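Close look at the chain arrangement
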Amino acid sequence: MFSAVALGLALTASSASAFAAEKPETVNIGYQKANIFALLKYRGTLDEDFKKQGIKVRWVEFPAGPQMLEGLNVGSIDLAATGDAPPTFAQAAQADLVYLGHSPANPKTEAIVVPENSPIKTVADLKGKRVALNKGSDVNYLLVSALENAGLNYKDITPVYLPPSDARAAFQRGAVDAWVIWDPFYAEVETHAKARLIKNAEGLVPHYTFYLASRKFADHYPDTAKQVVDELATLSSWANSHPDDAAKILSQSTGLEQAIWARALARMPFGAERMTAEVFTQQQALADKFTQIGLLPVKVDVRSATWSQDAALKK
């Protein structure tokens, strides 16, 4: 016969188990047309697997990472995937998010490019030049790091903050001297404007895609959150071994030619790995650099967004 204490412990364990196994009625996932969640959406495998569990998937499209993470912060979505920079800005704005995992490093997918006949040959030649980029984006970190590596600082260039579509037009008409951009826009400007590479992120910054969730969702439905990361890992294995099929899907999603996506995917390894202390340290370096140059208004503690399932990584 159970004592009162033993019975209480048993009930607590039972409640905790039931809580951990609880499933949401709907999972709201934010995506951009060009990211891995778009590939997951159009393949339909996650929807099928969740349907068997009585879970509905609602896909919500966003134009860019910052808007998506604002949606995560206000509760309109539960999950998102963005590059390195947007989560740090979201944390600075007090968004209660957690890092579920990350892609492999893919430094070849972002680059500083110039027109084919530009006299600019090296990063050092950017001194005094007008450089287009998306403010606060992953490539902002690449530019700062590349300039410092060349003995320059951010004040040595004139940043021209433009979203990719406007930057592409400015690059085409010669209104800027260089453009810092990521795939698939990088592959497009290489293909159609014969843009010349000055420097990609190799040896400078790792460049990850991060898989993120609201803390409320991840802690309340940890099994569901883990399943999404597992689905991304399975999808990644498929995409890496079927690049033509992946390029076709992403071409349909974005409207860019399949050949452009084939070029981009050749340097874009997919994957889904749980967070590590090393990756958190790298992400902290990005946040600290953005604070140093004034892009982030406050210092951000990246590890405060550690998921409770990865609590040991806070140390």
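Treat the numbers as computed from the prediction; the structure is a model and nothing was measured. (Residues numbered from 1 in each chain as written. Predicted model: local features only at pLDDT ≥ 70, side-chain atom pairs only at ≥ 80, totals over all residues. Heavy atoms only, no water.)

Observations concerning the domain arrangement of the chain
Taken domain by domain, the chain holds domain 1 (26-106 + 208-313) and domain 2 (110-200). Taking only C-alpha atoms into account, the centre of domain 1 sits 25 Å from that of domain 2. Counting residues at the interface gives 22 residues for domain 1, matched by 18 residues for domain 2. Taking both partners together, domain 1 and domain 2 bury about 1600 Å²; carbon and sulfur atoms supply 65% of that area. At the surface where domain 1 touches domain 2, the tally comes to four salt bridges. At the boundary of domain 1 and domain 2, one finds eight residue pairs in polar contact (both at pLDDT 80 or more). Breaking the side of domain 1 that touches domain 2 down by element, the ones donating at least two residues are α5 (85-92), α12 (258-265) and α13 (277-292). The leading source of residues in the side of domain 1 that touches domain 2 is α13, at six residues. (Domains from an automatic or database assignment. Contact = heavy atoms within 4.5 Å. Buried area = accessible area lost by both parts, 1.4 Å probe. Salt bridge = Lys/Arg side-chain N within 4 Å of Asp/Glu carboxyl O. Polar contact = N/O pair within 3.5 Å; in protein donor to acceptor, adjacent residues only side chain to side chain. Helix = DSSP H or I, 4+ residues; strand = E, 2+ residues; numbered from the N terminus.)

Let's talk about the sheet that holds strand β6 (residues 130-133)
Here we have five strands laid out as an open sheet, ordered β7-β6-β8-β5-β9, and mixed in their pairing. Edge positions in the open sheet fall to β7 (158-161) and β9 (196-200), since each of these has one partner strand only. Between one strand and the next, the sheet's axes are offset by a mean angle of 30 degrees, whatever the strand orientation. Where strand β5 (residues 110-114) lies against strand β8 (residues 178-182), four bridges are found, and the strand directions are antiparallel. Note that in β8 the partner of V113 across the bridge is W179. Strand contacts of helix α7 (residues 164-173): β5, β6 and β8, with the helix running at about 145 degrees to β8, the strand carrying the most contacts. Sitting on the sheet, helix α8 (residues 185-193) is in contact with β5, β8 and β9, with an inclination near 130 degrees to β8. (Pairing = 2+ DSSP bridges. Axes fitted to C-alpha atoms, helices over the stretch in contact; angles between N-to-C directions.)

Considering α8
Listed as buried for α8 are Y186, A187, E188, V189 and E190. Among the residues trailing α8, K194 stands out with phi positive, at a value near 50 degrees. (Buried < 20%, exposed > 50% of the residue type's maximum accessible area, 1.4 Å probe, protein only.)

Here we look at the packing of α8 against α12
Where α8 contacts α12, the two axes come as close as 8 Å, and the packing angle between them is 120 degrees. Comparing their axes, α12 and α8 come out oblique. Like other packed secondary-structure pairs, α8 and α12 cross with a definite hand, here right-handed. Of the residues in α12, those touching α8 at A187, E188, E190, T191 and H192 are I260, R263 and A264. For the contact of α8 with α12, the class distribution of residues is three nonpolar, two polar and three charged. (Parallel < 35°, antiparallel > 145°, perpendicular 65-115°, else oblique. Left-handed = near helix turned anticlockwise from the far one by under 90°. Nonpolar A, V, L, I, M, F, W, Y, C, P; charged D, E, K, R; others polar.)

A short note on the packing of aromatic side chains
Here the structure, examined in full by the defined rule, presents 10 aromatic pairs. Three or more aromatic residues joined by ring pairs make a cluster, and in this case those are Y99, Y208, F210 and F280. Taking the ring centre of Y42 as reference, the NZ or CZ of K41 above it sits at 4.3 Å. Taking NZ or CZ as reference, R267 lies 3.9 Å from the ring centre of Y186, over its face. (Phe/Tyr/Trp six-rings, centres within 6.5 Å; stacked < 30°, edge-to-face > 60°. Lys NZ or Arg CZ within 6 Å of the ring centre and 35° of its normal.)

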